[in-house]
Amino acid sequence: MFDCIIVGAGPAGGAAAYHLAKRGRNPLVVEKNSWPRNKPCGGGVSPAIAAWLDFDFTPAISTTVDKIRYTFKLADPAETAISKPMWMVRRDVFDAFLIQQAQDQGASFQPNTEVTAIEFKGDSWQLTTANGETLTGRYLIAADGAKGPVASWLRLKQSNPRLAMVTEATQLSDVPTFEFGMVKNGSLWGFPKADGYTVSTTTFRGKEPKNLSQDLSQYLKALGLNPNSPIVEHPLRLWDGDRTLHSQNALIAGEAASIVDPLSGEGIRPAILTGIKAAEAIDMAIGGDQSALEKYTQIIRTEWGVDMVWASRLAGVFYSFPGIGYKAAVKVPAATELMTKILSGDLRYGDVAGRAIKKLSPF
């Protein structure tokens, strides 16, 4: 029997496995796909995660950026430097690197293992896989992403998924690009990698658009880019309010816990945060703390959810008046610096949201 079975080998699952194994527990990570697997994702990561994990991320980083370029409806460009460079990663490399670190600490990993059913029997979870195998663990972490079924099997509510689109293109430059105004209630962005350019789009509020892939294609054409892979649809679960993240001997983490930033779309850093906190909670539960899992829900609310209230409010104002927001905030270098500090964990949205909302509101 494993101390914990983690379903999903993304950033949340890898971080949880690493911290559990380092604490002397024996976690098993199961992943339905072959490994390493491709994952549709822009791949922007804040270096702030380095403070949470005690190993060198260099092998997992494709490139580092220190500038950002903006446009509004493909015009009015602005480019600004950022004081804290951001990492750009390929998710197949990044996720595999995290899992390898966990394995080096003693975690077990089983790819090509799709979980088809779960059942709590006695004092442990029994997981049935597509190949007929039964796996048993004292605790369970659902880190199976926006499309994973485990959270619903645990009867834990999630936010409604929002549609996102992503494709790969030939190298444009070493500068990330953000386009506002072209997609109603959303944005388009291109993130450089050492071997190409990942271009993505999504909306953050309102009804789902009918022509998101067309908008992405138009943006690629405007940039002079030729996609070298098909446009792929994938869902995002944005934070839209506090939720219960624990059940009987089980937790949900990562995008399965609906923790994507509703203003920026940032998902990797909060996924890793939830994975680490989930590991800490299960370690304490194994040690006898009967309220550890309930505390996990509260910790994520305090350390992430409270600030996402402000992120959601900012998103509501910004995407209601994107033209004003672009001129009053996006184009102003100080605003980029504030956002960089938020993504780096040096500031919280709550520190600046009140003034920002006043600045962005026309009335």
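The coordinates are above.
Everything numeric in this text was worked out from a predicted model, so none of it was measured.

Visitor: Describe helix α6 (residues 292–320), and please don't skip the residues or the numbers.
Guide: When the terminal C-alpha atoms of α6 are compared, their 40 Å separation across 29 residues agrees well with the 42 Å that a helix rising 1.5 Å per residue should span. The sharpest bend along α6 reaches about 45° and sits at T302.

Visitor: Could you give me a rundown of helix α8 (residues 333–343), with the residues and numbers involved?
Guide: All buried positions along α8 are accounted for by T336, T340, I342 and L343. The arc that holds the buried residues of α8, viewed along the axis, is 160°, so those residues lie on one side. G345 sits one or two residues past α8 and shows a positive phi near 80°.

Visitor: Before we move on, could you go through the packing of aromatic side chains and cite the residues and values that matter?
Guide: Tallied over the full model, the rule gives 17 aromatic pairs. Each ring, one from F57 and one from F97, has its centre 6.0 Å from the other, and the planes form 50°; the classification is tilted. Remark: F97 occurs in helix α2 (residues 91–104) and F57 occurs in the loop between β3 (44–45) and β4 (63–72); sequence separation between them is 40 residues. Take F57 and F97: they sit in the same class, and that class is buried. Seen in terms of ring centroids, Y70 and F178 are 6.2 Å apart; in terms of plane orientation they differ by 40°. Their pairing is tilted. Taken together, the residues span a long stretch of sequence, with Y70 in strand β4 and F178 in strand β11 (residues 177–180) at a distance of 108 residues. Accessibility classification places Y70 together with F178 in one group, the buried group.

Visitor: Let's hear about the sheet that holds β11: which residues, and what values?
Guide: Strands belonging to one sheet form pairs held by backbone hydrogen bonds; the direction of such a pair is parallel or antiparallel. Taken together, 8 strands build an open sheet; the order of strands is β3-β5-β4-β11-β12-β13-β10-β14 and the sheet is mixed. Of all the strands in the sheet, just β3 and β14 (232–236) have a single pairing partner and so form its edges. Sheet analysis places strand β12 (residues 186–193) next to strand β13 (residues 196–203), joined by 8 bridges and oriented antiparallel. The partner of G186 across the bridge, within β13, is T203. Taken strand by strand, helix α4 (residues 212–223) contacts β10 (162–169), β11, β12 and β13, and its axis lies near 30° from that of β10. Sheet strands touched by α8: β4 and β5 (75–88). Its angle to β5, the strand with the most contacts, is close to 30°.

Visitor: Describe the pairing of β12, listing the residues and the values that go with them.
Guide: When you tally the buried positions in β12, you get 8 out of 8 residues, the bulk of the element. With burial as the criterion, each face of β12 is covered, one bearing G186, L188, G190 and P192 and the other bearing S187, W189, F191 and K193. Taken together, the 4 bridges between β11 and β12 define a ladder with antiparallel strand orientation. In the sheet register, F178 faces β12, and the bridge partner there is W189. The loop that links β11 with its antiparallel partner β12 comprises 5 residues; one of these, G181, has a positive phi angle of about 95°. Remark: 2 residues form the turn of the hairpin made by β12 and β13, two consecutive strands paired antiparallel.

Visitor: Go over the side chain of D261 with me, naming the residues and quoting the values.
Guide: Counting through the fold element by element, D261 comes out in the loop between β16 (250–252) and α5 (268–286). Put simply, D261 is tucked away with no salt bridge, and the nearest opposite charge, on R269, sits 5.8 Å away. Polar contacts involving the side chain of D261 include one to the main-chain amide nitrogen of L263, which spans 2.8 Å. At 2.7 Å, the side chain of D261 forms a polar contact with the side chain of Y349.

Visitor: A description of the nonpolar core should follow, citing residues and the corresponding values.
Guide: In this structure, F57, I141 and L154 are the most contacted members of the largest nonpolar core, which totals 103 residues. Here F57 is in contact with I49, A50, W87, F94, F97 and L98, once residues within four sequence places are set aside. The next biggest cluster of nonpolar side chains, apart from the first, holds 12 residues, and it includes M165, V183, L188 and Y219.

Calculation notes
- Residues numbered from 1 in each chain as written.
- Predicted model: local features only at pLDDT ≥ 70, side-chain atom pairs only at ≥ 80, totals over all residues.
- Heavy atoms only, no water.
- Helix = DSSP H or I, 4+ residues; strand = E, 2+ residues; numbered from the N terminus.
- Expected span 1.5 Å × (residues − 1).
- Bend = angle between axes of the 7 residues up to and from the residue.
- Buried < 20%, exposed > 50% of the residue type's maximum accessible area, 1.4 Å probe, protein only.
- Arc of directions from axis to C-beta.
- Phe/Tyr/Trp six-rings, centres within 6.5 Å; stacked < 30°, edge-to-face > 60°.
- Pairing = 2+ DSSP bridges.
- Contact = heavy atoms within 4.5 Å.
- Axes fitted to C-alpha atoms, helices over the stretch in contact; angles between N-to-C directions.
- Lys, Arg positive; Asp, Glu negative; His and termini not counted.
- Salt bridge = Lys/Arg side-chain N within 4 Å of Asp/Glu carboxyl O.
- Polar contact = N/O pair within 3.5 Å; in protein donor to acceptor, adjacent residues only side chain to side chain.
- Core = buried A, V, L, I, M, F, W, Y, C linked by side-chain atoms within 4.5 Å.

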